[in-house]
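The lines below spell out each chain.
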Amino acid sequence: MCGAQTLSSQTDVQTESQGTGAAAAAAAEVSTQLDVSAELKELRDMVVELTTTVKVLEAENEAMKTRLAASETEVTHLKTANGELKTRLDVTQPEVTHLKLASEDALAELEKHEQELAVLKTRMVASESEVESLKKENGELKTSMASSESEVKALKNDSAAHEQELPALKTRLAASETGIDELKVGNAAQEAELTAVKTRLATTETEVKDLKTRLAATETEVENLENEIRAVPKVAFSAGLTNSGYIESGSNNLNLVFSRVITNLACACVCVCAYGPQQRVLRSGDIMLGGLFPIHLAVQSEDQDLAARPEATECVRFNFRGFRWLQAMVFAVDQINNSTELLPNVSLGYRIHDTCNTVSKALEATLSFVAQNKIDSLSLDEFCNCSGKVPSTIAVVGATGSSVSTSVANLLGLFYIPQISYGSSSRLLSNRQQFTSFMRTIPSDEQQAVAMATLIEHFGWNWVIAVASDDDYGRPAVEKFENEMLERDICIDLNELISQYWSEAAVRALADRIQNSSARVIAAFASAPDLEPLVRELSRRNLTGRVWLASEAWATSSLIARPEYSEVMMGTLGFALRAGHIPGFKEFLRQVRPGPGYVYNEFVREFWEETFNCYLEDDEEEEEEEDGASLRPRCSGDEDVSSVETPYLDYTHLRISYNVYVAVYAIAHALQEILTCRPGRGLFKNNSCADIHRVEAWQVLKQLRHLRFRDSLGELVSFNEGAELHGNYTIVNWHRAPGDSSVEFREVGYHISARGGRGEGRLYIDQSKLIWTGQTTEVPFSNCSDDCDPGYRKSIIDGMPTCCFQCIECSDGEYTDHTDASVCTKCPSNSWSLGNHTSCFLKEIHFLSWAEPFGVTLAILASLGVMATAFVLALFVKFRDTPIVKASNRELSYVLLMSLMCCFLSSLFFIGRPRDWSCRVRQPAFGISFVLGVSCILVKTNRVLLVFEAKVPASVQRKWWGLNLQFLLVFLFTFVQVAICVVWLYNAPPASYENHELADEVIVLSCHEGSAMALGLLIGYTCLLATACFLLAFKSRKLPENFTEAKCITFSMLIFFIVWGSFVPAYVSTHGKYVTAVEVIAILASSYSMLACLFFNKVYILLFKPSRNTVEEVRCSTAAHAFKAAARATLRHGSNASRRRSSSPSLSSSSSHSSASSSRSSSPRASSATRPRVEGGSLERERRGGERPPRHPRESPQGIAMVPVTRGDGRMAPVTGDDRRSSVTRGDGRMAAMPVTGRDQRMPTRFVTTGDGRMASSVTRGDGRMADAETPKL
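Only a predicted model underlies this, so the values are computations on that prediction, with no experimental measurement involved.

Undergrad: So what's going on with helix 6 (residues 402–414)? Residues and values would help.
TA: The terminal C-alpha atoms of helix 6, which comprises 13 residues, lie 18 Å apart, in line with the 18 Å expected from a rise of 1.5 Å per residue. For helix 6, a buried count of ten out of 13 residues is recorded, marking the element as mostly surrounded by other parts of the structure. For helix 6, the set of buried residues is Ser402, Ser403, Val404, Ser405, Thr406, Val408, Ala409, Leu411, Leu412 and Gly413.

What follows is the structure in structure tokens.
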């Protein structure tokens, strides 16, 4: 309300006339305004209809949006559920797989348990039967005890009788002692005879040495004669023989040469027939086979000082298994000779030698084969009628050890004599370029090394000891074994080479190293004779608790499986060769006798004596010499071989014996193909065939290389280039035989090597049958370090092998669910490890959810903001024609309220599970909504400032600051933000992502903004507009007191800066889902501040103070500001006028008097006859009699300009400039404050009231002229 100020002054006629003119002008303006109001009313009706239509459309649109939002929500929930199901499926898939594997393992274990249950049931039945038998035996024992008591009584009686006979017995004893003395005398005589025999034996040995010397000289002569014979025509020989020793056409010297040749040839025949080791097995035949077998295990070690001619070493330690292998060859030859299908009318013979398990003896026997073949190639049958002549050896079966076979193969290969070994498994012998004539019926050690490494890996051992023979068998095998262990990350603590010829000190040193080692598994690639000294030393120390892994060379050896070694070697696991079946071989072994049928079998005598610990009749003197005083009993030759348990009769598992059997049959099949060969289909030159009766060794070798046949087991036997037998091993476990301390070999599994020798093959172990050292069933532990528990991993210790490690707990986020893990497995990205690191659990997924209280609170606040904004918008629409709404720039207020509603709604995009679409929508929605609202506020603020401080006419302001220009500016400001968002979404669109870095056990679902620069530009541009708005609002802070728009804008922008200024550090320092919450709070706080500051006072007036929602209130507040501004300008002008009057008083007095005189002479009717017209913001008056002279304001006695205005009753109310206020009449006749003139003494606007209290649109300028005025839109 404007207060009325009454000033006491006198009015003159001119003032009354001026008031009458003003009233007339006001009346004209009122009529004009009524016409405009009618038009406006029609327009309003049209606007109401359009508004109603728009509301209906908006309601339908809102309904469609609601349905669309509901559909999108359902789709979002379905997608969320689908994602969760996929996540659960991915998580449960490994568990299902693990459960399947576990179920399969459980089924396997169940089958094993069922088998064990069946075994236990069988044992239970057996135990029950044993209990019954024991009960019966107990009854029998009681019966026998009773009879024993009666016998004891009888014995007591007998003892009493014997005591009576004792004197007679003493007499007889004295007589016996006399007889013993006589026997001693006879024994002395026998000893004398024995000494004489020894003397004769020494003499005989000397003669034998002389004969050997002569034999060596004779051999030299034979070689010379061979050369001479080749130079003499064969015809001459035959002619010389026919003519009784001389040649008709030759000279006397030539006759002498021929006679010497004939004499030496006769001696050569005898020598050749007797060549080779004396102890052998010989059988003649059309085709001869050679055999090399270890009938003895070693040779007697003697130091040769070479003082005399060295004698041949003697073989010791009879080998029962070797003798059985020899018998297998003899049996196979007999079968072939008795066969009508294989080699009919062709008999096979053999010459078998003892290798004594040494290279030297084997080479000696091999030289006999080679020499025989060499002499036989001279075709001396016509000149030497040697009854003991042996045909050439076309093939050799043997030898056993790889080192022995290597030396033999080198020699036989020079003469292309085929060699088929039954026990040499060294991988070096697979080299066909070096060993051209070598073949074998046993797999290579390369496959055995792989099988043993697989067995060690199967039981989880990683710390072992390797022992190998120091020969061609052990060294290559352990080398391959080392490579296989290295590939499996298994370490070898000790790697030692051994030999049977080691000294006791070397054996003890090796035993010390084994005893001090922490490894409990010993893998031995050695022959039984080489290993036996070490086993003997360990048994002496009783070093138990070790697991021995045996190669095929000693896996079933009776030399190691002795009762005295059982405590140390019990529980051994060995790789035995495949067992075969030889029909009739069992009976053949039992038929051996030292009778006439074995006259050529020199080894049967020694076998018989070793088996029954006796001596045969022909060997009595040797027995007396060896045993001295204690003589062995004499053998009758009729003893039962099966009554004594020896390895000779261990025919239950024929392995090496079967290999010998197959080797002999391979040679027989090769000869059969030569026999049945047809000309034109042979393997030799021009497809010719060899003659079976004159076949040579190299022809047999050629045929063997192309041989393919199946043995009795149905397996293919072939010796082609690069062909190796497929490794098929039986795993045997050494058990203690019930009732004694002997060893039983029980099959507990098998290993089948991979085809081609590549890969690990297939291993099967029945652990229920295993018995380990110490008669335990628990698998021994042989690792360098203890197994790491689940949740820990192995860490290598510096300076130690890889198998020696320490256990380190897995890092966070990693786990191990099994023992002895090398590495920890990282949990999946959506999981985290438990505290013990044995498994993973799903991480908690954090985001600002609709279900949590914080999210619900923010959603409620946003919804309340939307509803409050909608309520204000509805009020503004309802009261759209009221002055307070018009004064607030109604159209921009609508846009501003809509933008605020969008701001509140945009905050909802920040709540809920982040999706790609929501991440791309939320920031642009927030940025565009805020820029739209701030743009509206900026345009409003700028227009208010221009309205109150404008220096151009009002029509010019309306032209340049009309509604269209305002909307254009809002559009341009908003378009810049839209362009930023479009570029952002095109180049680096935001996307949802899972943040795993904030917390270990939590996954924070958030939005990756794509470009931090784009986000900074979006917020920075909003803050730039807000800063401009704040500056303009701050500049407009001194607008009318009742016009608080600028102050509210200033305050709202100040809150905006405070909120977003606090947002930056809070956004940077906050993590997780609360980052989104901080931004939502900032959006809501700034939106609420703008809504409250800009519209609270207006809503308050609209709802609770409708009396203030009038034109007078609005115009009164603006008029007060105008009067103040005019008063300030008048004061400045008055001070300047006073200074001018002081300089020229006469001029001022004249002007004042003239002005007063002119005013009084004016007619009041003249002013009433004029009609105001508004053109360009100035008021021109048209008069009939000419223009009205300009008028000047009155001056107060103090020289201050006074502007008279009329009140409602037509009276003039002068107002001085002392209080810097002027007055206009209100509707009730009271004076209202009005602004005075500006610097040019003219009022830019003036408001007067009409009769109904409304403001008129015409005011009086300072020069007395009328000027246009209108109610401004603020």
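Undergrad: So, helix 15 (residues 656–675): which residues are in play, and what are the values?
TA: Its 20 residues place the ends of helix 15 29 Å apart at the C-alpha level, agreeing with the 28 Å of an ideal helix rising 1.5 Å per residue. Taken across its 20 residues, helix 15 has 17 buried, putting it largely inside the fold.

Undergrad: With reference to specific residues and values, describe the sheet that holds strand 10 (residues 491–498).
TA: The sheet built from eight strands is open, its strands ordered 10-9-11-12-13-16-17-18 with mixed pairing. Each edge of the open sheet carries a strand with a single partner, namely strand 10 and strand 18 (762–765). When strand polarity is set aside, the average angle formed by the axes of neighbouring strands in this sheet is 25 degrees. In this structure, strand 13 (residues 573–577) lies alongside strand 16 (residues 728–736), joined through five bridges in antiparallel fashion. Bridging from a neighbouring strand, Ala576 pairs with Thr730 of strand 16. On top of the sheet, helix 8 (residues 474–487) reaches strand 9 (463–469), strand 10 and strand 11 (521–525); it is set at about 160 degrees to strand 9, its chief contact. The strands touched by helix 9 (residues 504–516) within the sheet are strand 9, strand 10 and strand 11, with strand 10 carrying the most contacts at an inclination of about 165 degrees.

Undergrad: Can you tell me about the state of the cysteines, naming the residues and giving the values?
TA: This model, assessed by the stated rule, comprises nine disulfides. With its sulfur 1.4 Å from that of its partner, Cys614 forms a disulfide with Cys635. Handedness here is read from the sign of the S-S torsion; for Cys614 and Cys635, about 105 degrees, the answer is right-handed. Separated by 21 residues along the polypeptide, Cys614 in the loop between helix 13 (602–612) and helix 14 (620–627) and Cys635 in the loop between helix 14 and helix 15 bring together distant segments of the chain. Both residues of the pair, Cys614 and Cys635, belong to the buried class. With a sulfur-sulfur separation of 1.8 Å, Cys827 is cross-linked through a disulfide to Cys840. Judged by the torsion about the S-S bond (-75 degrees), the Cys827/Cys840 disulfide is left-handed. Within this pair, whereas Cys827 is found in the loop between strand 22 (825–826) and strand 23 (831–833), its partner Cys840 is found in strand 24 (residues 840–842), the two being separated by 13 residues in sequence. Take Cys840: its relative accessible area is 26%, and that puts it in the partly exposed class.

Undergrad: I'd like a rundown of empty space enclosed by the protein, residues and numbers included.
TA: Over the atoms rolls a probe the size of a water molecule, and in doing so it shows where empty space is left. The final tally for this structure, using the stated rule, is eight cavities of 30 Å³ or more. By volume, the second largest cavity amounts to about 80 Å³. Phe910, Gly912, Pro914, Arg922 and Thr1076 are the residues nearest the centre of the second largest cavity, which is lined by 14 residues in total. Mapped onto the lining of the second largest cavity, the elements with two or more residues apiece are helix 20 (916–949) and strand 27 (1002–1008). Among the elements that make up the lining of the second largest cavity, the one with the highest residue count is strand 27 (three residues).

Undergrad: So what's going on with a negative patch on the surface? Which residues, and what values?
TA: On the surface, Glu809, Asp812, Glu844, Asp1000 and Glu1001 cluster together to form a negatively charged patch. Positionally, Asp1000 belongs in the loop between strand 26 (991–995) and strand 27. Judged by relative accessible area, which is 41%, Asp1000 ranks as partly exposed.

Undergrad: Residue-level account of the nonpolar core, with values.
TA: In summary, soluble globular proteins display a tendency toward joint burial of nonpolar side chains. Ranked by internal contacts, the top residues of the largest apolar core, which has 103 residues, are Phe293, Leu549 and Leu671. Among the elements that line this core, the one with the most residues is helix 15, at 14 residues. In contact with Leu671, not counting residues within four places along its chain, are Ile287, Leu343, Leu348, Ile394, Ile692 and Val700. Core analysis: the next-biggest nonpolar cluster, separate from the first, contains 62 residues, Val885, Ile911, Ile980 and Phe1063 among them.

Undergrad: So what's going on with a nonpolar patch on the surface? Which residues, and what values?
TA: On the surface, Val856, Ile860, Leu861, Leu864 and Met867 cluster together to form a nonpolar patch covering roughly 410 Å² of accessible area. Structurally, Leu864 can be placed in helix 17 (residues 853–878).

Undergrad: Could you give me a rundown of the environment of Ser444, with the residues and numbers involved?
TA: Relative to the assigned elements, Ser444 resides in the loop between strand 8 (438–440) and helix 7 (445–458). Judged by its relative accessible area of 4%, Ser444 falls in the buried class. Between the C-alpha atoms of Ser444 and Leu429, which are 15 residues apart in sequence, the distance is 8.6 Å. What Ser444 contacts, discounting residues up to four positions off in sequence, is Ser425, Arg427, Ser430, Glu724 and Tyr729.

Undergrad: Break down the pairing of strand 11 for me, citing the residues and quoting the values.
TA: Taken across its five residues, strand 11 has five buried, putting it largely inside the fold. Alternating positions in strand 11 separate into two faces, Val521, Ala523 and Phe525 on one and Ile522 and Ala524 on the other, with burial throughout. Strand direction decides the pairing type here: strand 9 and strand 11, joined by five bridges, are parallel. Bridge pairing in strand 11 links Val464 to Val521.

Undergrad: Which residues make up the packing of helix 19 (residues 890–906) against helix 25 (residues 1073–1104), and what values do they have?
TA: For the pair helix 19 and helix 25, the least separation of the axes is 9 Å and the interaxial angle reads 155 degrees. Comparing the axis directions of helix 19 and helix 25 gives the class roughly antiparallel. Where helix 19 crosses over helix 25, the handedness of that crossing is left-handed. Residues Ser893, Leu896, Leu897, Leu900, Cys903, Phe904 and Ser906 of helix 19 lie in contact with helix 25, whose contacting residues are Ile1083, Leu1084, Ser1087, Tyr1088, Met1090, Leu1091, Leu1094 and Phe1095. Classifying every residue of the contact of helix 19 with helix 25 gives twelve nonpolar, three polar and no charged.

Undergrad: I'd like a description of the packing of aromatic side chains, backed by residues and values.
TA: According to the stated counting rule, one finds 33 aromatic pairs in the structure shown. Ring centres of Phe318 and Phe607 lie 6.4 Å apart, and the angle between their planes is 40 degrees; this geometry places the pair in the tilted category. Note that Phe318 is positioned in strand 4 (residues 315–318) and Phe607 in helix 13, a separation of 289 residues in sequence. The burial state of Phe318 is the same as that of Phe607; both residues are buried. Note on Phe607: relative accessible area 0%, which makes it buried. Taken together through their ring pairs, the aromatic side chains of Phe331, Phe585, Phe588, Tyr658, Tyr661 and Tyr665 make up a single cluster. Cation over ring: Lys794 sits above Phe805, and NZ or CZ is 5.0 Å from the ring centre.

Undergrad: So, the sheet that holds strand 5 (residues 348–354): which residues are in play, and what are the values?
TA: Strand order in the open sheet formed by six strands is 1-5-2-6-7-8, and the pairing between neighbours is mixed. What marks the edges here is a single partner per strand, and that holds for strand 1 (280–283) and strand 8. Recorded for the sheet is a direction-independent mean angle of 20 degrees between the axes of neighbouring strands. As paired elements, strand 2 (residues 287–293) and strand 5 share seven bridges and run parallel to each other. From the neighbouring strand, Met288 faces strand 5, where its bridge partner is Gly349. Contacts from helix 4 (residues 320–337) reach strand 1, strand 2, strand 5 and strand 6 (393–397) within the one sheet, and its direction differs from that of strand 5 by about 170 degrees. The sheet contacts of helix 16 (residues 697–705) involve strand 6, strand 7 (419–421) and strand 8, and relative to strand 6 the element is tilted by about 50 degrees.

Undergrad: A description of the pattern of salt bridges should follow, citing residues and the corresponding values.
TA: Close approach of charged atoms allows side chains of opposite charge to pair. Within this structure, the stated rule accounts for 27 salt bridges. Of the charged contacts in the structure, one is a salt bridge between Glu446 and Lys480, with a shortest N-O distance of 3.5 Å. Placement of the pair is Glu446 in helix 7 and Lys480 in helix 8, with a sequence separation of 34 residues. Residue Glu446 is classed as partly exposed on the basis of its relative accessible area of 32%. Given the relative accessible area of 16%, Lys480 is considered buried.

Undergrad: Before we move on, can you summarise unusual backbone geometry with the specific residues and values?
TA: A cis geometry characterises the amide bond from Gly398 onward to Ala399, with omega recorded as 0 degrees. Position of Ala399 among the secondary structure elements: in the loop between strand 6 and helix 6. You will see that Leu343, though not glycine, has its phi angle at about 55 degrees, which is positive. Here Leu343 is to be found in the loop between helix 4 and strand 5. Backbone geometry at His837 places phi at a positive 60 degrees, although glycine is not the residue there.

How each quantity is defined
- Residues numbered from 1 in each chain as written.
- Predicted model: local features only at pLDDT ≥ 70, side-chain atom pairs only at ≥ 80, totals over all residues.
- Heavy atoms only, no water.
- Helix = DSSP H or I, 4+ residues; strand = E, 2+ residues; numbered from the N terminus.
- Expected span 1.5 Å × (residues − 1).
- Buried < 20%, exposed > 50% of the residue type's maximum accessible area, 1.4 Å probe, protein only.
- Pairing = 2+ DSSP bridges.
- Axes fitted to C-alpha atoms, helices over the stretch in contact; angles between N-to-C directions.
- Contact = heavy atoms within 4.5 Å.
- Disulfide = S-S within 2.5 Å.
- 1 Å grid on protein atoms, 1.4 Å probe; cavity = no way out; pocket = protein on both sides within 12 Å on 5 of 7 lines; lining within 4 Å.
- Points joined across faces, edges and corners; volume = space filled by probe spheres on them.
- Patch = residues over 30% accessible without salt bridge, like charges linked within 9 Å, V, L, I, M, F, W, Y side chains within 5 Å.
- Areas by Shrake-Rupley, 256 points an atom, 1.4 Å probe, with all protein chains shown as cover.
- Salt bridge = Lys/Arg side-chain N within 4 Å of Asp/Glu carboxyl O.
- Lys, Arg positive; Asp, Glu negative; His and termini not counted.
- Charge placed at Lys NZ, Arg CZ, Asp CG, Glu CD.
- Core = buried A, V, L, I, M, F, W, Y, C linked by side-chain atoms within 4.5 Å.
- Parallel < 35°, antiparallel > 145°, perpendicular 65-115°, else oblique.
- Left-handed = near helix turned anticlockwise from the far one by under 90°.
- Nonpolar A, V, L, I, M, F, W, Y, C, P; charged D, E, K, R; others polar.
- Phe/Tyr/Trp six-rings, centres within 6.5 Å; stacked < 30°, edge-to-face > 60°.
- Lys NZ or Arg CZ within 6 Å of the ring centre and 35° of its normal.

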